[in-house]
Amino acid sequence: MVRGLNRSDVGPRTVEQLQIFTEELCCEYAWRDAGTAGWLMLLTGYIEYDMGNYRQAELDRAAGFRVGEEIGYGDRRVGV
């Protein structure tokens, strides 16, 4: 997945893979680092925004921010 992000052409398939990976991390965050999932949600939001998917970008940003609040990083204004 990370190799796909290093390409200059990030398309819908890469975004889909990133979303799937992020969702898996969110489902497992009871025993994994939830911060990683939050950061990946923000990254997905940036990619969605760059691709012109503004509504999905805002949903991803809001979800990443909620994860940050839940784990105690709500005071950090990352990506806003």
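Scroll up to find the structure this text is about.
In what follows, the accompanying structure is described. What you see is a predicted model; the values in this text were computed from it and never measured.

Once that is clear, we can look at the pattern of salt bridges. According to the stated counting rule, one finds two salt bridges in the structure shown. Between E16 and R13 there is a salt bridge; the shortest N-O distance is 3.6 Å. Remark: R13 and E16 occur in helix α2 (residues 12-27); sequence separation between them is three residues, near one turn of the helix. In this structure, E58 and R61 form a salt bridge, with 2.8 Å as the shortest nitrogen-oxygen distance. Remark: R61 and E58 occur in helix α4 (residues 54-70); sequence separation between them is three residues, near one turn of the helix.

Mapped onto the secondary structure, G35 falls in helix α3 (residues 34-50). The class of G35 is buried, set by a relative accessible area of 11%. It is 9.6 Å that separates the C-alpha atoms of G35 and E70, two residues lying 35 residues apart in sequence.

Rules used throughout
Residues numbered from 1 in each chain as written. Predicted model: local features only at pLDDT ≥ 70, side-chain atom pairs only at ≥ 80, totals over all residues. Heavy atoms only, no water. Salt bridge = Lys/Arg side-chain N within 4 Å of Asp/Glu carboxyl O. Helix = DSSP H or I, 4+ residues; strand = E, 2+ residues; numbered from the N terminus. Buried < 20%, exposed > 50% of the residue type's maximum accessible area, 1.4 Å probe, protein only.

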